[in-house]
Amino acid sequence: MAYTPHTDADHARMLGAIGVASIEDLFADIPPAVRATRFALPAPMAEQEVRGELSRIAARNAVPRVSFLGAGAYRHLVPAVVEEVIGRSEFATAYTPYQPEVSQGTLQSIYEFQSLICELTGMEVASASHYDGATAAAEAALMACRLTRRDRIAISSAVHPQVRAVIRTYCSGPGIEVIEVPADLAEGGSGLTPVEAAASVLTDEVACLVAQQPNFFGGIEPMAELAEAAHAVGAQLVAHVEPTSLAVLAAPGDHGADIVTAEGQPLGIPLSYGGPYVGLMAARMASVRQMPGRLVGATRDAQGRRGYVLTLQAREQHIRREKAASNICTNQALCALAATAYLSAVGPQGLREVAELSMAQTRHTATALEEAGLAERRFGAPYFAEVAMRVPHAARRHAELAAQGIVAGYVLERDYPELGDTLLLAATELTSDEEIASLVEALEATR
Amino acid sequence: MLPEDLRYSKEHEWVRVDGDQATIGITKFAADELGDIVFVELPEVGATLSQFATFGVVESVKAVSDLYAPVSGEVVAVNDALRDSPELMNSDPFGEGWIARVRVSDPGELGGLLDAGAYGELIGS
């Protein structure tokens, strides 16, 4: 494709057409005081000097020796085939092509991604992906408001604090009221969202209830009952889930979820200090016209051959402009492709093994700490692969262990003042028995 | 040929008045311009429409357009057949392709709409 910059004559014609004398005049509204005039850039460097400088900066990243940190992002084995597939030049772009039907391979990969997400969630239609789990959840909340024509949402306080923060941000623009349902965090409590507490805020003015499964503390929420409470007032249940857990837990589509969202990072995407990740969203076919983002459909071409298209584009911003289902989303094609390659590589049995091993090692971690008299479980409810443990002087000891290269999970007091001296610990199939022993030993030494 | 017994809006909706009720649809001109219609978002029965405000969406293979209420009133019926057969709006826009029926709240509004002659002039027929 030829790229021909505008000539001076082109500039003069365009400026003439809009009645502006010079390009500088286009910036007249920006006060001189706030204009950037000088940039504090270092002197030019040779390539090897740049490499040296970047390596020096990169070396400052703290890579823990042992980590029990989860809290929304999880360390799993990424089979080598995932990187091989996403590294292919045909795929190595993170963006939707602008002439999509020309790129049948990209559309096919997205179609397969959508099919896998539907299978995993038990839902009827999945989008081509979103920025991350939090933005997918926020889009789902807005979608529920459009579907129900209501402007209030309820969200459990056991939903990831950052997901709640993003939902609040998304709701602040359109003026959607966010009501929080307090989880049972009392001493001896379940750590779950009480169905009665949810029911008490659900009225016929509430568009949806957002609940997380497993919840932020790893607990298994009563999703079917929460769905029932939401449906009783004509509200939707938005289930924000962890994808590997779907290999062992009931599919959200089977317990009444209307919209399912997830952070897709555990599916073959490295932790990478927080991103890029990928948001998953799935819904019922009846709601498809209010779904945000891109959708790939399968069809037949003029010769009857199978082909893929971007479908239902009338929901999207390039056609619907300000009335689009969303003007603040795109898909994460490369990360979605990684998830597709991952799910294809591990298969249903492999994903189940990942979930079961993660559960087993998390239980091993909790038991080892309890048996050493170092910690006790904070909540009573069944949990998946993450567990909240009461540890005396948690914040101090967490910092001391971090200095030794051991991340003892997440300090819950940061987000929940009532959960002092509580660490949220996650283990996966990559957590070795030796790592668990070293956590116990290091905690023992900081008593 | 534009039915003489209808009133028309500049947004290409038609109104057929029958007592205190009015049936609303889009004109053949609008349907032809849109092309093959594939989906109609209908208002809910009981909803209140305001004249010239949007009350639904019509989606064709090439465009999406808002539906603008030609008269104010409460929706008493919608054409459920359009959910499965939106193409009725193309094949019979002034008949089977009707969209909704409303109880007119301000008959005076009808005077501000176009007759067949004026609408025909608008669309250059």
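Procedures and definitions
Residues numbered from 1 in each chain as written. Chains lettered and ligands numbered in written order. Predicted model: local features only at pLDDT ≥ 70, side-chain atom pairs only at ≥ 80, totals over all residues. Pairing = 2+ DSSP bridges. Helix = DSSP H or I, 4+ residues; strand = E, 2+ residues; numbered from the N terminus. Contact = placed C-beta atoms within 7 Å. Axes fitted to C-alpha atoms, helices over the stretch in contact; angles between N-to-C directions. pLDDT = per-residue confidence, 0-100. Parallel < 35°, antiparallel > 145°, perpendicular 65-115°, else oblique. Left-handed = near helix turned anticlockwise from the far one by under 90°. Nonpolar A, V, L, I, M, F, W, Y, C, P; charged D, E, K, R; others polar. Expected span 1.5 Å × (residues − 1). Buried ≥ 20, exposed ≤ 12 C-beta atoms within 10 Å, placed from the backbone. Arc of directions from axis to C-beta.

J.: What is the right way to read the sheet that holds strand β14 (residues 410-411) of chain A from this model?
T.: Each strand in a sheet pairs with another by means of backbone hydrogen bonds, the pair being arranged parallel or else antiparallel. Residues and elements named next belong to chain A. Taking strand neighbours across the sheet as the criterion, the four strands line up as β11-β12-β15-β14 in an open arrangement whose pairing is antiparallel. With one partner strand each, in any of the chains shown, β11 (376-377) and β14 form the two edges of the open sheet. Bridge analysis of strand β12 (residues 386-390) against strand β15 (residues 422-426) gives five bridges, and the strand direction is antiparallel. Its bridge partner being in β15, R390 is matched across the sheet by T422. Each of β11, β12 and β15 is contacted by helix α10 (residues 333-371), which is oriented at about 15 degrees to β12, the strand it contacts most.

J.: Sorry if this is basic, but what is going on with the sheet that holds strand β5 (residues 48-49) of chain B here?
T.: Residues and elements named next belong to chain B. In spatial order, the strands read β1-β2-β3-β9-β8-β5; together these six strands make up an open sheet with antiparallel pairing. The open sheet has two free edges, formed respectively by β1 (7-8) and β5, since each of these has just one partner strand. Pairing of strand β8 (residues 73-78) with strand β9 (residues 100-104) involves five bridges; the strand directions are antiparallel. The residue bridging G73 from the neighbouring strand is V104, located in β9.

J.: Help me understand the confidence of the model for chain B in this model?
T.: When pLDDT is low, close inspection of the predicted coordinates is not appropriate. For chain B, mean pLDDT is 94; residues scoring 70 or higher make up 100% of the total. In the model output, the complex is listed with pTM 0.87 alongside ipTM 0.72.

J.: Whenever I open this one, the packing of helix α4 (residues 104-121) of chain A against α10 of chain A confuses me. Can you help?
T.: Residues and elements named next belong to chain A. It is at 9 Å that the axes of α4 and α10 come closest, and there the two elements cross at 60 degrees. Classified by the interaxial angle, the pair formed by α4 and α10 is oblique. Judged by the twist between their axes, the crossing of α4 over α10 is left-handed. Contact with α4, carried on its side by T106, S109, I110, E112, F113 and L116, involves A333, A336, L337, A339, T340 and L343 of α10 and no other residues of that element. Across the contact of α4 with α10, the residue classes tally to eight nonpolar, three polar and one charged.

J.: Mind showing me how you'd approach helix α6 (residues 161-172) of chain A here?
T.: Since the α-helix advances by 3.6 residues per turn, residues separated by three or four positions end up pointing in the same direction. All names here are of chain A. When the terminal C-alpha atoms of α6 are compared, their 16 Å separation across twelve residues agrees well with the 16 Å that a helix rising 1.5 Å per residue should span. Every buried residue belonging to α6 is among V163, R164, V166, I167, Y170 and C171, and all of these are buried. For α6, the arc enclosing every buried residue in end-on projection is 160 degrees, short of the 170-degree limit, so these residues lie on one face. More than 90 degrees from the buried face of α6, the exposed residues found are T169 and S172. Buried residues in α6 make contact with α5 (133-148), β3 (152-156), β4 (177-181), β5 (208-213) and β6 (236-241).

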